[in-house]
Amino acid sequence: MSQLFTPMTLREITLAHRAWMSPMMQFAAVPDGPDVGTATDWHLQHLGSRAVAGAALIMVEATAVTPDGRSSDYDLGLWNDRQAQVLRRHTDFLRAQGTVPGIQLVHAGRKAATGRPWPDPDRAQRTWPTVGPSAVPFGRLPAPAEMNIAEIAAVVDDFAAAARCAAAAGFQVLELHGAHGYLIHQFLSPQSNTRTDSYGGSFDNRIRFALQVVTAVRREWPAELPLFFRLSATDWLAGDTEDPRPGWTVAESIALAPHLERLGVDLVDVSSGGSVPDAAIPVRPGYQVPFAARLRDEAGVRTSAVGMIVDPEQAEQVIAQGQADAVFLGRALLRDPAWIRQAADRLGARLPHPPQYDRAFRAPAPAAESSERGKRQLTEARAV
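*Asks:* For this particular structure, what's the right way to read the pairing of strand β4 (residues 57–64)?
*Replies:* Residues in a regular strand project their side chains so that they alternate between the two faces of the sheet. Of all 8 residues making up β4, 8 are buried, and the element is well covered by its neighbours. Both β4 and strand β5 (residues 100–106) contribute to a ladder of 7 bridges, which runs parallel. Across the sheet, I58 pairs through a bridge with P101, a residue of β5. On the question of chirality, the crossover connecting β4 to the parallel β5 by way of helix α2 (residues 81–96) is right-handed.

Right, dumping it as structure tokens:
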């Protein structure tokens, strides 16, 4: 029996199997006007096609909790009821396919206002001032304004408000984006956090903002629904590599994970990198899986693995060997929306399919029977 295609229950939500769709930015939201930040038909087909093809969990892309927390003005947002109302159409469709809908909440911090990754000939890219734990720029981006205590508290409240909107929109899993150099990660890493107050310096101070966000969100997010936390296990800097620049380390991730679990996080979604644009990362198939395995073994928390998991047998091995509890699939599902269904076929598992597609999954009739049926249908047609 395939271990990848076994169910998993978190709180009161049972996921049909452990092959999930990772949150991936689409830069396709309404960019301005009264519907700014709302989802579009592009999101419905992007998410819906993968649900029809068998994804057990679909995590909607990084969705900003405030307008100035967006990476671009084409990002999804979840700071008002209109955005939640539009997303309800998407979650209703996903649930109708047997897929659990999830959403990832983010504030981009100093990495906000960077724009879409391709040119827009019809519209100039808007920019706006950014914020961060310290006035330390990311690469060549403008330096952010250092947040004061009141501003930090306000963003914590913004995450909590977005969690309420996510519940109203029908999501059943919520993930906090604490990775890839966005605001929560910026507080964690000494690369971007040079504060000398209660939010900077020591490990306990640098994790304070993350824990406050988790606490506030868990208070608003329904108790029966799972909460995930995406974590960059390492910055690939000092402590984990030969790079002398200070950074967040695997050891610190292992130390943080039990704090997250104690506050109500049900699974740590393990990624890496994002604090600097030029870290030397040895990208190869499954290169982040060992981090998920270490957090699972050494911190005793549930984890998911992500990053260049492209082969069904590779994904199966991650689960069968206990390296992670689930796998998130990203680019593999962009290239092939049916990857999960095809993986199930290769691994001997059986996934349900919509009744509209039933004829494609029926066993073909024997040749003689098919021929006889064809003759009968032709005779009946001529008689009419």
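Still more ground to cover, so stick around.
*Asks:* How do you make sense of the layout of surface pockets when you look at a structure like this?
*Replies:* A volume near 1,100 Å³ is recorded for the largest pocket. Every residue lining the largest pocket is counted, 40 residues in all, and those nearest its centre are P23, H180, R230, S271 and R331. When residues of the lining of the largest pocket are traced back to their parent elements, those giving at least two are β4, β12 (326–329) and α10 (331–335). Tallied by class, residues from the lining of the largest pocket come to 20 nonpolar, 15 polar and 5 charged.

*Asks:* Hey, could you run me through the nonpolar core in this one?
*Replies:* Looking at soluble globular proteins, one finds that nonpolar side chains tend to be buried together. By size, the foremost hydrophobic cluster in this structure holds 108 residues, and its most contacted members are W20 and F209. A total of 9 residues in this core trace back to one element, the largest contributor, which is helix α3 (residues 149–168). V106, A112, A113 and W128 belong to the second-largest nonpolar core, a separate cluster that totals 7 residues.

*Asks:* What is the right way to look at a nonpolar patch on the surface in this model?
*Replies:* A surface patch of nonpolar side chains, about 300 Å² in accessible area, is lined by I281, V283, M308 and V310. Structurally, V283 can be placed in the loop between β10 (267–271) and α8 (289–299).

*Asks:* Help me understand empty space enclosed by the protein in this model?
*Replies:* Where empty space is left in the structure can be found by rolling a water-sized probe over the atoms. Tallying each qualifying case throughout the model produces 1 cavity of 30 Å³ or more. Quantified by volume, the largest cavity comes out at close to 30 Å³. Lining the largest cavity are M25, A62, S71, D75, V106 and Y182. Per-class residue counts for the lining of the largest cavity are 4 nonpolar, 1 polar and 1 charged.

*Asks:* Looking at this structure, I do not really get the side chain of R206. What am I missing?
*Replies:* Its place among the elements puts R206 in helix α5 (residues 203–206). Assessed through its relative accessible area of 6%, R206 is described here as buried. Only 2.7 Å separates the side chain of R206 from the side chain of E252, close enough to count as a polar contact. When near neighbours in sequence (up to four residues on either side) are disregarded, R206 contacts F187, L188, S189, P190, N193, Y199, G200, G201, W248 and E252.

*Asks:* I'm lost on the packing of aromatic side chains in this one. Help?
*Replies:* The description of two aromatic rings rests on the distance between their centres and on the angle between their planes. Applying the stated rule across the entire model yields 7 aromatic pairs. Both rings, one in W20 and one in F228, keep their centres 5.8 Å apart while their planes meet at 20°; by these two values the pair is stacked. On the criterion of sequence distance, the pair formed by W20 in strand β3 (residues 19–21) and F228 in strand β9 (residues 227–232) is long-range, its members being 208 residues apart. Consider the rings of F187 and Y199, whose centres lie 6.1 Å apart with planes at 70°: the pair is edge-to-face. With a gap of 12 residues between them, F187 in helix α4 (residues 183–188) and Y199 in the loop between α4 and α5 connect regions that are remote in the sequence. Given the relative accessible area of 0%, F187 is considered buried. Linked through ring pairs, W20, F228 and F328 together constitute an aromatic cluster. Note that K111 overlies the ring of F138, its terminal NZ or CZ placed 4.3 Å from the centroid. Geometry around Y182 places K111 over its ring, the cationic atom sitting 5.3 Å from the centre.

*Asks:* Can you help me understand the packing of helix α7 (residues 250–262) against α8 in this one?
*Replies:* When two helices pack together, their arrangement is captured by the angle between the axes and the distance separating the axes. Interhelical geometry of α7 versus α8 gives an angle of 50° and a closest axis separation of 9 Å. Relative to α8, the element α7 is oriented oblique. Judged by the sense of rotation from one axis to the other, the crossing of α7 with α8 is right-handed. Between α7 and α8, the residues in contact are V250, S253, I254, A257 and P258 and F291, R294, L295, E298 and A299, respectively.

*Asks:* What's the story with helix α1 (residues 41–52) in this structure? I'm lost.
*Replies:* An α-helix turns once per 3.6 residues; consequently, residues spaced three or four apart project the same way. End to end, α1 covers 16 Å across 12 residues, agreeing with the expected 16 Å (1.5 Å per residue, within 8%). For α1, the set of buried residues is H43, L44, H46, L47, G48, R50, A51 and V52. Where α1 is buried, its residues contact β3, β4, α2, α10 and α11 (339–346). Following α1 by one or two positions, G54 has its phi on the positive side, about 110°.

*Asks:* Help me out: how do you make sense of helix α6 (residues 208–220) in this one?
*Replies:* The first and last C-alpha atoms of α6 sit 19 Å apart over 13 residues, in line with the 18 Å expected at 1.5 Å per residue. Looking at the packing, one finds that the buried side of α6 touches α3, β8 (173–178), α4, β9 and α7.

*Asks:* I keep staring at the pattern of salt bridges and nothing clicks. Help me out?
*Replies:* Working definition: two side chains of opposite charge can pair if their charged atoms are close together. Tallying each qualifying case throughout the model produces 21 salt bridges. Of the charged contacts, one joins R82 and D35 as a salt bridge, the two residues approaching to 3.1 Å between their closest N and O atoms. With a gap of 47 residues between them, R82 in helix α2 and D35 in the loop between β3 and α1 connect regions that are remote in the sequence. Residue R346 pairs with D311 through a salt bridge whose shortest N-O separation is 3.4 Å. You can see R346 sitting in helix α11 and its partner D311 sitting in the loop between β11 (303–306) and α9 (312–320), a full 35 residues away along the chain. On the basis of relative accessible area, D311 is assigned to the partly exposed category, the value being 28%. Within this structure, D32, D73, R123 and R126 form a network of salt bridges that share partners.

Rules behind the numbers
- Residues numbered from 1 in each chain as written.
- Predicted model: local features only at pLDDT ≥ 70, side-chain atom pairs only at ≥ 80, totals over all residues.
- Heavy atoms only, no water.
- Buried < 20%, exposed > 50% of the residue type's maximum accessible area, 1.4 Å probe, protein only.
- Helix = DSSP H or I, 4+ residues; strand = E, 2+ residues; numbered from the N terminus.
- Pairing = 2+ DSSP bridges.
- Right-handed = clockwise from strand over helix to strand, strands pointing away.
- 1 Å grid on protein atoms, 1.4 Å probe; cavity = no way out; pocket = protein on both sides within 12 Å on 5 of 7 lines; lining within 4 Å.
- Points joined across faces, edges and corners; volume = space filled by probe spheres on them.
- Nonpolar A, V, L, I, M, F, W, Y, C, P; charged D, E, K, R; others polar.
- Core = buried A, V, L, I, M, F, W, Y, C linked by side-chain atoms within 4.5 Å.
- Patch = residues over 30% accessible without salt bridge, like charges linked within 9 Å, V, L, I, M, F, W, Y side chains within 5 Å.
- Areas by Shrake-Rupley, 256 points an atom, 1.4 Å probe, with all protein chains shown as cover.
- Salt bridge = Lys/Arg side-chain N within 4 Å of Asp/Glu carboxyl O.
- Polar contact = N/O pair within 3.5 Å; in protein donor to acceptor, adjacent residues only side chain to side chain.
- Contact = heavy atoms within 4.5 Å.
- Phe/Tyr/Trp six-rings, centres within 6.5 Å; stacked < 30°, edge-to-face > 60°.
- Lys NZ or Arg CZ within 6 Å of the ring centre and 35° of its normal.
- Axes fitted to C-alpha atoms, helices over the stretch in contact; angles between N-to-C directions.
- Parallel < 35°, antiparallel > 145°, perpendicular 65-115°, else oblique.
- Left-handed = near helix turned anticlockwise from the far one by under 90°.
- Expected span 1.5 Å × (residues − 1).

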